[in-house]
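# Residue-level structural notes
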Amino acid sequence: MTEKRVVVLISGSGSNLQALINAQNTPSLPNARIVRVFSNRKAAFGLTRAAQATPPIPTAYLALQPYLKSHPGKTRDDYDAEVARILLADNPDLIILAGWMHILGDGFLELTDGRKPLNEGEPTRGVVPVINLHPALPGAFDGANAIERAHEAFQKGEITRAGVMVHRVVKDVDRGEPLVVKEVPLEKGDSLEAFEERVHETEHEIIVQGAAKVLAESK
Ligand SMILES: Nc1nc2c(c(=O)[nH]1)N[C@@H](CN(C=O)c1ccc(C(=O)N[C@@H](CCC(=O)O)C(=O)O)cc1)CN2
Ligand SMILES: NCC(=O)N[C@@H]1O[C@H](COP(=O)([O-])[O-])[C@@H](O)[C@H]1O
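This section reports on the structure supplied with the text. (Residues numbered from 1 in each chain as written. Chains lettered and ligands numbered in written order. Predicted model: local features only at pLDDT ≥ 70, side-chain atom pairs only at ≥ 80, totals over all residues. Heavy atoms only, no water.)

### Description of the site of ligand 1
Around ligand 1 sit 18 residues in total, of which Arg41, Arg76, Ile103, Leu104 and Asp174 are the nearest. Residue Arg76 places a side-chain N or O atom 2.8 Å away from an oxygen atom belonging to ligand 1. Within the side chain of Asn132, one N or O atom sits 2.9 Å away from an oxygen atom of ligand 1. Within the complex, 77% of the 700 Å² of free accessible area of ligand 1 lies under protein. For ligand 1, the cavity whose grid points lie within 2 Å of the majority of its atoms is the largest pocket. (Near = heavy atom within 4 Å. Polar contact = N/O pair within 3.5 Å; in protein donor to acceptor, adjacent residues only side chain to side chain. Areas by Shrake-Rupley, 256 points an atom, 1.4 Å probe, with all protein chains shown as cover. 1 Å grid on protein atoms, 1.4 Å probe; cavity = no way out; pocket = protein on both sides within 12 Å on 5 of 7 lines; lining within 4 Å. Sits in = over half its atoms within 2 Å of the grid points.)

Have a look at this one:
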């Protein structure tokens with residue numbers, strides 16, 4: 001069976017990327033290879049993790065502000081489309097946002113969804129699924145800083161449950177179909193650090209499960 005090609009987008013430490021690297025071609029993530037790690041932050045340690053993988057994983061970097069500065073007149077949507085073009089050149093079967101801290105607009109999604117051809121006049125490509133790891137339960141704490149927000153809400157008695165999910169990426173942030181959802185225990189008096197550690201441990205499990213689930217959908 002043809003090996004599935006995976007591209008991972010990061011912005012930071014890359015501990016979830018590391019979980020994916022470790023799971024490649026194991027029963028947890030069979031017949032899958034990460035062919036590119038892409039970051040919008042030059043200093044992201046995840047780029048080092050990719051370079052230190054065995055074999056090393058090719059990386060690419062492109063940040064929004066430098067792109068806009070070096071392309072006068074171009075927009076955020078143009079940046080998003082450029083990111084999609086870079087990724088699609090690797091012919092991925094799956095794109096994973098693993099701590100990717102940039103909201104993707106139609107410039108990106110219409111290319112990965114196959115709604116628009118890469119180049120004018122060309123036929124459109126097939127859909128490349130895009131999934132995201134989010135440290136909250138569906139419909140709760142959309143957006144950034146979800147861990148801290150959930151911890152604060154629990155301590156205030158505003159919520160009783162917390163968790164993490166892997167979901168399909170749609171234009172509405174964190175509102176795509178949940179693929180894997182797992183609750184994370186939270187107790188009164190829990191420090192943010194203790195809760196955060198539990199969240200990350202759970203993330204490292206479900207990001208692999210989410211990737212395997214989507215890859216199993218395609219032939
Ligand atoms: N179209 C989508 N794009 C993204 C999604 C999504 O579901 N749909 N998920 C996010 C990941 N994410 C939460 O899971 C998230 C990341 C970042 C932000 C955010 O506010 N980003 C700001 C910039 C923040 C920064 O650079 O530090 C922004 O993009 O302007 C919200 C949610 C990834 N993309
Ligand atoms: N809204 C997206 C979001 O908050 N993503 C979060 O960024 C962290 C990345 O950690 P990592 O760089 O160690 O994988 C993870 O906690 C992930 O849930």
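### So, the sheet that holds strand β7 (residues 178-183)
Strand order in the open sheet made by the seven strands is β3-β2-β1-β4-β5-β6-β7, with mixed pairing throughout. In this open sheet, the two edge strands, each paired with only one partner strand, are β3 (59-61) and β7. Here the average twist between neighbouring strands, direction ignored, is 20°. Sheet analysis places strand β1 (residues 4-10) next to strand β2 (residues 32-39), joined by seven bridges and oriented parallel. By the bridge assignment for β2, Leu9 is matched with Phe38. On top of the sheet, helix α2 (residues 45-52) reaches β1, β2 and β3; it is set at about 145° to β2, its chief contact. Strands β1, β2, β4 (94-97), β5 (130-134), β6 (163-168) and β7 of the sheet are contacted by helix α7 (residues 192-217), whose axis makes an angle of about 25° with β6. (Pairing = 2+ DSSP bridges. Helix = DSSP H or I, 4+ residues; strand = E, 2+ residues; numbered from the N terminus. Axes fitted to C-alpha atoms, helices over the stretch in contact; angles between N-to-C directions. Contact = heavy atoms within 4.5 Å.)

### Re the pattern of salt bridges
Scanning the model with the defined rule gives 13 salt bridges in all. A salt bridge links Arg115 to Asp106, with the nearest nitrogen and oxygen atoms 3.3 Å apart. Using a relative accessible area of 23% as the deciding quantity, one classes Asp106 as partly exposed. Notably, a salt bridge pairs Asp113 with Arg115, separated by 3.1 Å at the nearest N-O pair. You can call Asp113 partly exposed: its relative accessible area is 31%. Among the charged side chains, a network of salt bridges with common partners joins Asp106, Asp113, Arg115 and Lys171. (Salt bridge = Lys/Arg side-chain N within 4 Å of Asp/Glu carboxyl O. Buried < 20%, exposed > 50% of the residue type's maximum accessible area, 1.4 Å probe, protein only.)

### Describing the environment of His167
One can find His167 in strand β6. Assessed through its relative accessible area of 2%, His167 is described here as buried. Placed 43 residues apart in sequence, His167 and Gly210 show a C-alpha to C-alpha distance of 7.9 Å. When residues no more than four places from it in sequence are discounted, the contact partners of His167 are Val130, Ile131, Asn132, His134, Asp174, Gly176, Glu177, Pro178 and Leu179.

### Considerations on the packing of helix α1 (residues 15-23) against α7
In contact at an axis separation of 9 Å, α1 and α7 are set at 55° when each is read in the N-to-C sense. Put simply, α1 runs oblique to α7. Crossing angle aside, the handedness with which α1 passes α7 is right-handed. Within the contact between the two elements, α1 uses Ser15, Asn16, Ala19, Leu20 and Ala23 and α7 uses Glu203, His204, Ile207, Val208 and Ala211. Tallied by class, residues from the contact of α1 with α7 come to six nonpolar, three polar and one charged. (Parallel < 35°, antiparallel > 145°, perpendicular 65-115°, else oblique. Left-handed = near helix turned anticlockwise from the far one by under 90°. Nonpolar A, V, L, I, M, F, W, Y, C, P; charged D, E, K, R; others polar.)

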